[in-house]
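Topology and contacts: notes
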Amino acid sequence: ALFQPLKALFTALMYKQGMEKKIDDSIMSWALEDDSMIIGSNVDNSFANFGRCGSSVCAEVCLLLSEYTTDGDAKKQLIDKGWALAQSAMVTAEKCGRHQTTYFQTKPTYDKLQALVK
């Protein structure tokens, strides 16, 4: 369930760090699919115990891809999808407590996406 989101996250981060020249089109196409990045609450809660829930990973993917793309429609779609995922991730993170790694890993992405949807 998290292989593709993690692959997308690592690819986008490698691009941002200058280790990749571009992000493969297949990652952008996948991210824009309606049924991509659907993470169940069981998976979110399980992975939250390791510091990041699946929804927070997917929200960060959306944020990074929205910064990468020059397509206005794709950017809006990614921001909207990322914001929905970030809100879900914050619910999970707050269950873990504001002093926990899950919260600290989720909050910056949440704040950035919140600023973009306004």
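Just so you know, these numbers come straight off a predicted model, no measurement behind them. Per-chain numbering applies: the sequence of each chain, read as written, is numbered from 1 onward. Local features in a predicted model are, by the rule used here, given only for residues with pLDDT of at least 70; side-chain atom pairs are given and counted only at 80 or more, and totals for whole chains, interfaces and linings are based on all residues. Each side-chain value is worked out from all heavy atoms of the structure, with water and hydrogens disregarded.

Description of the overall build of the protein
The helix and strand inventory of the protein stands at six helices and zero strands. In the protein, the succession of helices and strands from N to C terminus is α-α-α-α-α-α. With the principal axes as the frame, the protein shows a C-alpha extent of 35 × 30 × 25 Å. Working rule for contacts: check all heavy atoms of both residues, and any pair within 4.5 Å makes them a contact. Across the protein, every contact between residues at least 6 apart in sequence was considered, and the portion connecting residues at least 24 apart equals 63%. Accessible area of the protein: about 6700 Å², with a carbon and sulfur share of 53%. We count a stretch as a helix when DSSP gives it H or I for four or more residues in a row; a strand needs E for two or more, and each element gets its number in order from the N terminus. All accessible-area figures derive from a Shrake-Rupley calculation using a 1.4 Å probe, and residue coverage is judged against the displayed protein chains alone.

Section: the environment of T69
By the secondary structure assignment, T69 is in the loop between helix 4 (54-68) and helix 5 (72-96). Overall, T69 belongs to the buried group, its relative accessible area being 11%. Sequence-wise, T69 and C58 are eleven residues apart; in three dimensions their C-alpha atoms are separated by 16 Å. If we ignore the near neighbours within four places in the chain, the residues touching T69 are M28, A74, K75 and L78. Only protein chains enter the area calculation, which uses a 1.4 Å probe; residues under 20% of their type maximum are buried, those over 50% are exposed, and those in between are partly exposed.

Thoughts on the packing of helix 4 against helix 6 (residues 101-117)
Axis definition: a line fitted to C-alpha atoms, limited for helices to the stretch in contact. Angles are taken between N-to-C directions and run from 0 to 180 degrees. The geometry of helix 4 relative to helix 6 is characterised by a closest axis approach of 10 Å and an angle of 45° between their N-to-C directions. Between helix 4 and helix 6, the interaxial angle falls into the category oblique. Relative to helix 6, the crossing made by helix 4 is left-handed. Counting all contacts with helix 4, which are made through S56, A59, E60, L63 and S66, the residues of helix 6 involved are T106, T109, K112, L113 and L116. For this classification, Asp, Glu, Lys and Arg are treated as charged, while Ala, Val, Leu, Ile, Met, Phe, Trp, Tyr, Cys and Pro are nonpolar and the rest, including Gly, are polar. In terms of residue class, the contact of helix 4 with helix 6 is built from four nonpolar, four polar and two charged. Comment on the angle field: the value is read as roughly parallel under 35 degrees, roughly antiparallel over 145, roughly perpendicular from 65 to 115, and oblique elsewhere. The sense of a crossing depends on the near helix, which, turned anticlockwise from the far helix by less than a right angle, makes the crossing left-handed and, turned clockwise, makes it right-handed.

As for the packing of helix 3 (residues 41-48) against helix 5
Geometrically, a packed helix pair is captured by the angle between its two axes and the distance between the axes. Closest axis-to-axis distance for the helix 3/helix 5 pair is 10 Å, and the angle between their directions is 45°. Classified by the angle their axes make, helix 3 and helix 5 are oblique. Helix 3 and helix 5 meet at a crossing whose hand is right-handed. For the pair helix 3 and helix 5, the contacting residues are D44, N45 and A48 in the first and S88, T92, K95 and C96 in the second.

Some remarks on the pattern of salt bridges
The rule for a salt bridge is simple: a side-chain nitrogen of Lys or Arg has to be within 4 Å of a carboxyl oxygen of Asp or Glu. Within this structure, the stated rule accounts for five salt bridges. Two residues, E67 and K16, come together in a salt bridge whose shortest N-O distance is 3.9 Å. Of the two residues, E67 is situated in helix 4 and K16 in helix 1 (residues 3-16); the sequence distance between them amounts to 51 residues. A salt bridge links E60 to R52, with the nearest nitrogen and oxygen atoms 2.8 Å apart.

With respect to the nonpolar core
Take the buried residues of types Ala, Val, Leu, Ile, Met, Phe, Trp, Tyr and Cys, join any two whose side-chain atoms come within 4.5 Å, and each joined set is a nonpolar core. By size, the foremost hydrophobic cluster in this structure holds 28 residues, and its most contacted members are M37, V61 and L65. When contributions to this core are tallied by element, the ones reaching two or more residues are helix 1, helix 2 (25-32), helix 4, helix 5 and helix 6. When neighbours within four sequence positions are excluded, M37 is seen to be in contact with W30, A31, C58, V61, C62 and L85.

Looking at the state of the cysteines
The criterion for a disulfide is a pair of cysteine sulfur atoms lying within 2.5 Å. This model, assessed by the stated rule, comprises zero disulfides. With no disulfide of its own, C53 has C96 as its nearest cysteine by sulfur position, at a separation of 8.0 Å. Note on C53: relative accessible area 0%, which makes it buried. Here C62 is not cross-linked by a disulfide; its sulfur's nearest cysteine counterpart is in C58, at 7.0 Å.

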